[in-house]
Amino acid sequence: MRKRKVIISVAPVSGGILVNSDELAMDILKSVKAGAAMCHLHSRTPKGELTSDTTFIEECFNKIKEKTDVVVQVSTGGVSQMNIVERCAPLEYHRAESASLNGGTTNLGELVYINSFEDIRFCAQKVYDHGIIPEIEVFDIGMINNIMSTKQEVDYREPLIFNLVFGHKGGMQPTIESLTAFRSFVPEGALWGVTHFGRDNWSFLAAAIAMGASIVRIGFEDSPYLSENKTAEYNYELVERLAHLVQAMDFETATPKEARKILGI
């Protein structure tokens, strides 16, 4: 019997942290060798600040692509003073294959993350105008409905791809009950994955994999947790641990080439 493929997406950069593009490229190379297929980056300055200037994100991805054929996913999100036009600047990058598309407004900790219907429609159109596959980020169940209610105005490409985000203060929390409820609202035929922000265990990701998640995100952007009382020094350590979990459940990690086929890139 053919084993199910699980895409590991690595989000390697925590906000506000100094970034060295050469070190990042090496970390992603090792992450891909360990089982990652996609790399998710925000447009930041070398100091870790969000920016509409794509110079540094392009430098990072160019160096990464010199070493490995990982799927390039750019972010159009993050809480900042940028408007949606500025946030969509990374979509102009010629190597972008996938991009985040945020499904609505939510509280992220003490901050308010604004994504109006106008923002959703604008970002979705920009994504498709550039031939990029959107990964729809949803922080509560209502955001799935937000996307479905804009289908008459935006010609979404099938299958839709949802990333169910758990763990942020103000959003859905990483419990099996929440995951079960969230999963039940994912439209039939859509692909879905999970992000566990602030992760301090592996059981939630294991549950998501068991329930059919096609994509699982890992990396310093969300949590450096490796094991009890231990944090990872590099992202590839997290990928190794997640890959072992996937394999222990009798599934396989997708290669970048296999991920592109699954996602329709």
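First things first, this report covers the structure right here in the doc.

Thresholds, definitions, all that
Residues numbered from 1 in each chain as written. Predicted model: local features only at pLDDT ≥ 70, side-chain atom pairs only at ≥ 80, totals over all residues. Heavy atoms only, no water. Helix = DSSP H or I, 4+ residues; strand = E, 2+ residues; numbered from the N terminus. Rg over C-alpha atoms; globule rule 2.2 N^0.38 Å. Buried < 20%, exposed > 50% of the residue type's maximum accessible area, 1.4 Å probe, protein only. Contact = heavy atoms within 4.5 Å. Areas by Shrake-Rupley, 256 points an atom, 1.4 Å probe, with all protein chains shown as cover. Lys, Arg positive; Asp, Glu negative; His and termini not counted. Charge placed at Lys NZ, Arg CZ, Asp CG, Glu CD. Arc of directions from axis to C-beta. Salt bridge = Lys/Arg side-chain N within 4 Å of Asp/Glu carboxyl O. Phe/Tyr/Trp six-rings, centres within 6.5 Å; stacked < 30°, edge-to-face > 60°. Lys NZ or Arg CZ within 6 Å of the ring centre and 35° of its normal. Pairing = 2+ DSSP bridges. Right-handed = clockwise from strand over helix to strand, strands pointing away.

### Remarks on the overall build of the chain
Summing up its helical and strand segments, the chain has 9 helices and 13 strands in all. Relative to the 2.2 N^0.38 estimate, which gives 18 Å for 265 residues, the radius of gyration of the chain is 17 Å and therefore close to what a compact globule would have. Along the first, second and third principal axes, the C-alpha atoms of the chain reach 45 × 40 × 35 Å. Looking at the chain as a whole, 56% of its 265 residues qualify as buried. Counting contacts in the chain only where the partners sit at least 6 residues apart, residues at least 24 apart contribute 72% of the total. Entry remark: accessible area of the chain is about 11,900 Å², with carbon and sulfur atoms responsible for 50%. Considering the chain, the positive charge centre built from 26 side chains and the negative charge centre built from 34 side chains are found 6 Å apart.

### Focus on helix H6 (residues 176–185)
Looking only at H6, the buried set comprises Ser 178, Leu 179 and Phe 182. Looking straight down H6, one finds that the buried residues subtend no more than 95 degrees of arc, so they occupy a single side. The exposed residues of H6 that point more than 90 degrees off its buried face are Glu 177 and Ser 184. In this fold, the buried residues of H6 make contact with strand E7 (133–138), helix H5 (141–149), strand E8 (161–166), strand E9 (191–196) and helix H7 (203–210).

### Here we look at the pattern of salt bridges
All chains considered together, the criterion is met by 13 salt bridges. A salt bridge links Asp 250 to Lys 3; the nearest nitrogen and oxygen atoms lie 3.1 Å apart. Of this pair, Asp 250 sits in the loop between helix H8 (235–248) and strand E13 (252–253) while Lys 3 is found in the segment before strand E1 (5–10), placing the two residues 247 residues apart along the sequence. Of the residues examined, Asp 250 reaches a relative accessible area of 46% and is grouped as partly exposed. Take Lys 3: its relative accessible area is 37%, and that puts it in the partly exposed class. Here Arg 260 makes a salt bridge to Glu 97, at a shortest N to O gap of 2.6 Å. Taken together, the residues Arg 260 in helix H9 (residues 256–263) and Glu 97 in the loop between helix H3 (84–87) and strand E4 (98–102) connect sequence positions 163 residues apart. Exposure class is identical for Arg 260 and Glu 97. Each is buried.

### Notes on the environment of Val 71
Checked against the element boundaries, Val 71 lands in strand E3 (residues 71–74). Classification of Val 71 as buried rests on a relative accessible area of 0%. Spatially, the C-alpha atom of Val 71 lies 25 Å from that of Pro 187, the residues being 116 residues apart in sequence. Not counting residues within four places of it along the chain, the set of residues in contact with Val 71 comprises Ala 37, Met 38, Cys 39, Glu 97, Pro 256, Ala 259, Arg 260 and Ile 265.

### What to know about the packing of aromatic side chains
Two numbers describe a pair of aromatic rings. These are the distance of the centres and the angle of the planes. Evaluated as defined, the whole model comprises 6 aromatic pairs. Both rings, one in Tyr 113 and one in Phe 139, keep their centres 6.0 Å apart while their planes meet at 85 degrees; by these two values the pair is edge-to-face. Of the two residues, Tyr 113 sits in strand E6 (residues 111–113) while Phe 139 sits in the loop between E7 and H5, which places them 26 residues apart along the sequence. Judged by relative accessible area, which is 7%, Phe 139 ranks as buried. Relative to Tyr 156, the ring of Tyr 128 lies with its centre 6.3 Å away and its plane at 70 degrees, an arrangement referred to as edge-to-face. Within this pair, whereas Tyr 128 is found in helix H4 (residues 117–129), its partner Tyr 156 is found in the loop between H5 and E8, the two being separated by 28 residues in sequence. The same class applies to Tyr 128 as to Tyr 156, namely buried. An aromatic cluster is present here, built from Phe 166, Phe 182 and Phe 204 joined pairwise through their rings. When the ring centre of Trp 202 is taken as reference, the NZ or CZ atom of Arg 199 above it lies at 4.1 Å.

### Remarks on the pairing of E7
Across the 6 residues of E7, 6 count as buried, placing the element largely inside the fold. Residue alternation in E7 divides its side chains into two sets, Ile 133, Glu 135 and Glu 137 and Pro 134, Ile 136 and Val 138, and both sets are buried. Across 5 bridges, the pairing between E4 and E7 is parallel. The partner of Leu 101 across the bridge, within E7, is Ile 136. The pairing of E7 with E8 spans 3 bridges and is parallel. When the bridges of E8 are listed, Val 138 appears paired with Leu 164. In this fold, E7 hands off to H5, which returns the chain to E8; that crossover is right-handed.

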